[in-house]
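Each chain is listed here by its residues.
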Amino acid sequence: MTAQSAEIKTDTKANSTQGAIATSVRAAADWLVHSQKPDGHWVGPDESNVCMEAEWCLALWFMGLDEHPLRKRLAQTLLETQRDDGSWQVYYGAPNGDINVTVEAYAALRSVGYSDEEPALVRAQKWIESKGGLRNIRVFTRYWLALLGEWPWDKTPNVPPEVVWFPHRFPFSIYNFAQWARATLMPIAILSARRYSRPLPAERRLDALFPEGRERLDYELPSKATGGLWGRFFGAMDRGLHLVQKYGKALGFGLIREAAIKHVLEWIIRHQDADGAWGGIQPPWVYGLMALHVEGYAVTHPVMAKGLDGLNDPGWRVDRGKATFIQATNSPVWDTVLSLMAFADAELVDEHSDTVNKAVQWVLDHQVRVPGDWSIKLPHVKPGGWAFEYANNYYPDIDDTAVALIALAPFKSDANWQDKGIEEAIDLGVNWLMAMQSANGGWGAFDKDNNRTILTKFPFCDFGEALDPPSVDVTAHVIEAFGRLGISRNHPAITRALKFIRNEQESDGSWFGRWGVNYVYGTGAVLPALASVGEDMSQPYIRQACQWLREHQQDNGGWGESCASYMDPDSIGRGTATASQTAWALIALIAADHPEDREAIRRGCLFLVERQNHGTWKEKEYTGTGFPGYGVGQTIKLTELDLDKKLMQGPELSRAFMLRYDLYRHYFPLMALSRTLKVWNQG
């Protein structure tokens, strides 16, 4: 073959791919148009693990709502999602089930009336026993069993309600915990102080989970959960708090305790969201209702009624046949701003102006302009962020705010939108982000400088993450937003942020993904951010990142990374290829725009084009991250970690919380294909 004929063949191949991508982009945009809600927003269901359904089933029992129609539907969800081995898992495709999820699902089914001889429960019981039994359950599962009268309250970590009085400058202030931990800690403080239980009837007790008898079970926390100097210190402090709990009234502390509980109740009621939930997530919502119930609030009380009615809201509830799934959170703002970005990338804003205009107005209407918990430490900063959910004024987050600004940036100079206040909205958002930058140059998700690692030593904090320190992916989105808005790369905030990004790069060239799975997500966030502020993309550290992506491209052209990568070094950059993760890798490579990456980009685009079905893509895998399960909320060096002793989780991620955001499978591929098409058309 002559050089000329080879060139013609290459051009034909490129043109063919280009045409296929253009067709795919238009089909994906059409799908998005038809998926928009009437008021202008987009939202997809957010899947997690069945602790959501199990805990709601148990909470309704605890509050005396035995015959609530939702309980049987939630039980059906549990039966439909059980693994063949009898367990329930933390994420789709996990190598094994999780003992905490399985125990809570088992208890929920028993509370509804399923016999312990039911095949599903027999399988679950045998699986639990094979994993060491109740001795190995986490703190939160112990709380649930205590609420059912199945676990002694004095063998659960004590959370004194008096912590509500600690000033925010005090290390143990509730405002030094991450948003999700803080909002959950408050109602648990009441439940822990009252030690109230509603025991299951004798015929529904969990006797099968105590095969050697209740008196022979070791109820103490495993030593690996309380090890180390600080672990032993806080363990001793917990024992002291239990003594105060037991003898405090006799010693004259009763009035102080009642005053603290009253203060916590006021805090909880004040923090209820407009949709009846708390904090935009499930744990503070379910614990909050139970705490109010224990304090004598009837289900007809406006706060209780509003909270319970939230279970009927389609923003939280997904019905499928006879089963009901309750979402751990909902993501309308996130889904809407990312969908808007996809339309801009596809250069179809004018063609779909009605769709886009409705969405832009919806985003502007959902800016949070009232102070939240973040203002405790920043009282003089004007609010201007966006939250993730429909209703969450106390906790706008930095990631949503950054991406909202990226989505709004193309409309900033539009006279029509200027008349509607878009410049003010953007200015408020930028100023709020500037104020929320942490001392190390990065941004966390909800708070500034939320990094007091001593708090992770509390026995209460054996769940996913107690802290919200700066992360690379959130920081990258802020940098990209500032770049899109024309803020100079030499601005001190960007200079510090870029230094943070460089310091966080792994030796292999990748970046850790805190809020998405995992190094593919982190790297996919960083490179377009660097390009947006005019970074020289030919630098060695950027080329190394691109090389890492190329090395992890699969033979089918796609990219995939398992949730197991958060604990298993061999899983980093590896897993079933997905539409969302392939898109993240492509977005990064397109931003770098290196000649040596073009074949990888072409193959990645073909992976997406060939797997598009009726305008969209299918994806069962979980590619969203709630908690990696490290406790400290940031990356750790897996190769230097004794996994068994320090984290109590394997690749099953028993301390983690993983998510599948349904629309990730759609708008990220649309972005990647559109950006590729734009670069190729310009080239």
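Above this note sits the structure.
Asker: Describe the pairing of strand β2 (residues 317-320), and please don't skip the residues or the numbers.
Answerer: Consecutive residues of a regular strand have side chains that alternate between opposite faces of the sheet. The pairing of β2 with strand β3 (residues 323-326) spans four bridges and is classified as antiparallel. Note that in β3 the partner of R317 across the bridge is I326. Hairpin connection between β2 and β3: a loop of two residues separates the two successive antiparallel strands, and G321 in this loop has a positive phi of roughly 65 degrees.

Asker: Describe the environment of A435, and please don't skip the residues or the numbers.
Answerer: By the secondary structure assignment, A435 is in helix α16 (residues 422-435). For the pair A435 and R83, spaced 352 residues apart in the sequence, the C-alpha separation amounts to 47 Å. For A435, the residues in contact, after removing those within four places along its chain, are L378, V381 and K448.

Asker: Give me the pattern of salt bridges: which residues, what numbers.
Answerer: Overall, the coordinates contain 33 salt bridges when judged by the stated rule. Between R205 and E150 there is a salt bridge; the shortest N-O distance is 2.6 Å. In this pair, R205 sits in the loop between α7 (179-194) and α8 (228-247) while E150 sits in the loop between α6 (139-147) and α7, placing the two residues 55 residues apart along the sequence. Looking at R205, the relative accessible area reads 23%, which means it is partly exposed.

Asker: A description of helix α22 (residues 598-611) should follow, citing residues and the corresponding values.
Answerer: Helix length check: α22 (14 residues) gives 20 Å between terminal C-alpha atoms against 20 Å at 1.5 Å per residue, within 8%. Those residues of α22 that sit buried are A600, I601, R602, G604, C605, F607, L608 and V609.

Asker: Help me get a handle on the side chain of E506, residues and values and all.
Answerer: Structurally, E506 can be placed in the loop between α18 (492-504) and α19 (519-532). Classification of E506 by relative accessible area gives buried; the value is 15%. Setting aside chain neighbours within four positions, we find E506 in contact with F512, Y519, T635 and K637.

Asker: Can you lay out the packing of aromatic side chains for me, pointing to particular residues and giving the numbers?
Answerer: Applying the stated criterion across every chain, the model contains 31 aromatic pairs. Ring geometry for F627 and F657: centres 6.1 Å apart, planes at 50 degrees, overall tilted. Highlighted residues: F627 in strand β6 (residues 624-627) and F657 in strand β7 (residues 657-661), separated in sequence by 30 residues. F627 sits in the buried class, given a relative accessible area of 17%. A connected cluster of aromatic rings, assembled from ring pairs, spans W334, F388, Y521, W584, Y661, Y664, Y667 and F668. R198 extends its terminal NZ or CZ atom over the ring of W61, reaching a point 3.7 Å from the ring centre. For R502, the ring lying beneath its charged end belongs to Y541, and the centroid distance is 3.6 Å.

Asker: So what's going on with unusual backbone geometry? Residues and values would help.
Answerer: Following V517, the chain continues into N518 via a peptide bond in cis, with omega recorded as -25 degrees. Mapped onto the fold, N518 is located in the loop between α18 and α19. A positive phi is found at R195, a non-glycine position, where the angle reads about 55 degrees. Inspection of the secondary structure assignment puts R195 in the loop between α7 and α8. Note on R195: relative accessible area 24%, which makes it partly exposed. Its identity is not glycine, yet D449 carries a phi of approximately 55 degrees, on the positive side. Relative to the helices and strands, D449 is located in the loop between α16 and α17 (472-484). Taking the relative accessible area as the measure of exposure, D449 reaches 27% and is therefore partly exposed.

Conventions adopted
- Residues numbered from 1 in each chain as written.
- Predicted model: local features only at pLDDT ≥ 70, side-chain atom pairs only at ≥ 80, totals over all residues.
- Heavy atoms only, no water.
- Pairing = 2+ DSSP bridges.
- Helix = DSSP H or I, 4+ residues; strand = E, 2+ residues; numbered from the N terminus.
- Contact = heavy atoms within 4.5 Å.
- Salt bridge = Lys/Arg side-chain N within 4 Å of Asp/Glu carboxyl O.
- Buried < 20%, exposed > 50% of the residue type's maximum accessible area, 1.4 Å probe, protein only.
- Expected span 1.5 Å × (residues − 1).
- Phe/Tyr/Trp six-rings, centres within 6.5 Å; stacked < 30°, edge-to-face > 60°.
- Lys NZ or Arg CZ within 6 Å of the ring centre and 35° of its normal.

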